[in-house]
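Letter by letter, the chains look like this.
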Amino acid sequence: MSVLEQRGVFWWHDEAIAEGLLAPDAHAVGLLRVEDNGRAVLELDGYLSNPHGPMAAMTREPVTRCIQGLLKGGGDRVLLCDLNRNGGQFSTNGISFERFSAAHCLISRSAFVRGASAPLFDTLTIPLRGFEDWLRLGVIKVEDIPGTITVSYRTRDDISYPGHDGILSLIFDIEVDAAGMLGTHVYSLKQTTYAKLSLKLANTLSDLALQFVMFEDLLKLLAGSDYEMDWPSLDLPDGSRCRWYFQRMRNKEAVEAPSHYNTITIFPELRDMFGAI
């Protein structure tokens, strides 16, 4: 199953884009698919600029550049890093095309800064969706009396754990969804929590993937559950965030989120020592 499948235009990440254009002249149209395990596969309808021309798919040279793209659906920008050739075709009487697989796929609303190599990042944000019971959130109070329903939310202070390499913070927030132009007829309130790792030095995507996996393994151990964390995001230099998909091991079958009755520990018990763990 794919978590994303969209067509778009793609080009080498280090190619300049003329002012007023969305992509360089040397671009190719293709289909990007991100699989459930985070592996990205890009199949072009042609081939990108290279010394071998249409025979590029037949070469065995390592791919040291990244590919940037613009997706057709919502206009998202995409950056594919740690690329490998994954087939393709050379044809003298048909269409020659390239196919790549990428270990890392970044998706953003804004364009990525042009560069010859993959960017470095110093801030990783992980949604802790599904771990609400383990965190013991429960600060939304609902009072239902005849004729009136009252909902109150008490803000909760964020928690920071300084370390040698940076700071791990737990960010407590709410998600609000309302609908209605003349009067609200739908309103929902949901508590959310994020783990934010702010590093002193910018890291490679591979190093950040290792940080993610270690943190996920820690939560699995503490909660006594194989429930997996959601896909994280990375902070860009302009202050915006990009979604980050990367190739990782996933459960073959769906696992129920840890609940209040089947966890080995709960966060309030570990709050003061969580940073040391």
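Residues numbered from 1 in each chain as written. Predicted model: local features only at pLDDT ≥ 70, side-chain atom pairs only at ≥ 80, totals over all residues. Heavy atoms only, no water.

> Talk me through the overall build of the protein chain; I want residue IDs and the actual numbers.
Looking only at helices and strands, one finds 3 helices and 14 strands in the protein chain. When the 277 residues of the protein chain are sorted by exposure, 41% land in the buried category. Sequence-distant contacts in the protein chain: of pairs separated by 6 or more residues, those separated by 24 or more amount to 64%. By element, 53% of the accessible surface of the protein chain is carried by carbon and sulfur atoms, the whole surface being about 15,700 Å². Of the charged side chains in the protein chain, 26 are positive and 36 negative; the average position of the first set lies 2 Å away from that of the second. (Helix = DSSP H or I, 4+ residues; strand = E, 2+ residues; numbered from the N terminus. Buried < 20%, exposed > 50% of the residue type's maximum accessible area, 1.4 Å probe, protein only. Contact = heavy atoms within 4.5 Å. Areas by Shrake-Rupley, 256 points an atom, 1.4 Å probe, with all protein chains shown as cover. Lys, Arg positive; Asp, Glu negative; His and termini not counted. Charge placed at Lys NZ, Arg CZ, Asp CG, Glu CD.)

> So what's going on with a negative patch on the surface? Which residues, and what values?
A cluster of acidic residues, Asp-157, Asp-158, Asp-173 and Glu-175, forms a negative patch at the surface. Classification of Asp-158 by relative accessible area gives partly exposed; the value is 43%. (Patch = residues over 30% accessible without salt bridge, like charges linked within 9 Å, V, L, I, M, F, W, Y side chains within 5 Å. Salt bridge = Lys/Arg side-chain N within 4 Å of Asp/Glu carboxyl O.)

> I'd like a rundown of the side chain of Thr-125, residues and numbers included.
Mapped onto the secondary structure, Thr-125 falls in strand 7 (residues 121–127). Using a relative accessible area of 2% as the deciding quantity, one classes Thr-125 as buried. For Thr-125, the residues in contact, after removing those within four places along its chain, are Tyr-194, Ala-195, Lys-196, Pro-232, Ser-233, Asp-235 and Arg-241.

> Account for the packing of aromatic side chains, naming residues and giving values.
Following the criterion strictly, the structure yields 10 aromatic pairs and no others. Taken together, a centroid distance of 5.6 Å and an interplanar angle of 70 degrees make the contact between Phe-131 and Tyr-227 edge-to-face. With Phe-131 in the loop between strand 7 and helix 1 (132–135) and Tyr-227 in the loop between helix 2 (205–223) and strand 13 (233–235), this residue pair connects regions lying 96 residues apart in the sequence. Taking 5.3 Å as the distance between ring centres and 80 degrees as the angle between the ring planes, the aromatic pair formed by Phe-212 and Phe-246 counts as edge-to-face. One end of the pair, Phe-212, is in helix 2; the other, Phe-246, is in strand 14 (residues 241–246), with 34 residues separating them in the sequence. For Phe-246, a relative accessible area of 2% corresponds to the buried category. Feature note: the residues Phe-212, Trp-231, Trp-244, Tyr-245 and Phe-246 constitute an aromatic cluster, connected by ring pairs. The ring of Phe-172 is capped by Arg-156, whose NZ or CZ atom sits 4.4 Å from the centre of that ring. The aromatic ring of Trp-231 is capped on one face by Arg-248, whose charged end is 4.6 Å from the ring centroid. (Phe/Tyr/Trp six-rings, centres within 6.5 Å; stacked < 30°, edge-to-face > 60°. Lys NZ or Arg CZ within 6 Å of the ring centre and 35° of its normal.)

> Account for unusual backbone geometry, naming residues and giving values.
Phi at Asp-82 is positive, roughly 55 degrees, even though this residue is not glycine. Checked against the element boundaries, Asp-82 lands in strand 5 (residues 77–89).

> Provide a residue-level description of the pairing of strand 5, including the pertinent values.
Bridge count between strand 4 (residues 67–71) and strand 5: 4 bridges; the pairing is antiparallel. The partner of Gly-69 across the bridge, within strand 5, is Val-78. (Pairing = 2+ DSSP bridges.)

> Can you tell me about the environment of Asn-251, naming the residues and giving the values?
Structurally, Asn-251 is set in the loop between strand 14 and helix 3 (267–270). The class for Asn-251 is partly exposed, based on a relative accessible area of 28%. Separated by 25 residues in the primary sequence, Asn-251 and Asp-226 place their C-alpha atoms 8.0 Å from one another. Excluding its chain neighbours within four sequence positions, the residues that come into contact with Asn-251 are Asp-226 and Glu-228. Among the polar contacts made by the side chain of Asn-251, one reaches the main-chain carbonyl oxygen of Asp-226 at a distance of 2.9 Å. (Polar contact = N/O pair within 3.5 Å; in protein donor to acceptor, adjacent residues only side chain to side chain.)

> Explain the state of the cysteines to me, using residue names and the numbers behind them.
Linking two cysteines covalently via their sulfur atoms produces the bond known as a disulfide. Counted under the stated rule, the structure contains 0 disulfides. Free of any disulfide, Cys-66 has its nearest neighbouring cysteine sulfur in Cys-81, separated by 3.2 Å. On the accessibility criterion, Cys-66 (3% relative accessible area) is buried. Since its relative accessible area comes to 0%, Cys-81 is described here as buried. (Disulfide = S-S within 2.5 Å.)

> Explain the side chain of Ser-101 to me, and be specific about the residues and the numbers.
Assignment of secondary structure puts Ser-101 in strand 6 (residues 97–108). Here Ser-101 is in contact with Arg-39, Ala-40, Val-41, Asp-82, Leu-83, Asn-84 and Asn-86, once residues within four sequence places are set aside.

> Give me the lowdown on helix 2, citing residues and values where you can.
Across its 19 residues, helix 2 extends 27 Å between first and last C-alpha, which sits within 8% of the 27 Å expected from 1.5 Å per residue. Of all the residues in helix 2, the buried ones are Leu-205, Leu-208, Ala-209, Phe-212, Phe-215, Glu-216, Leu-218, Leu-219, Lys-220, Leu-222 and Ala-223. Gly-224, located one to two residues past helix 2, shows a positive phi value of around 70 degrees. (Expected span 1.5 Å × (residues − 1).)

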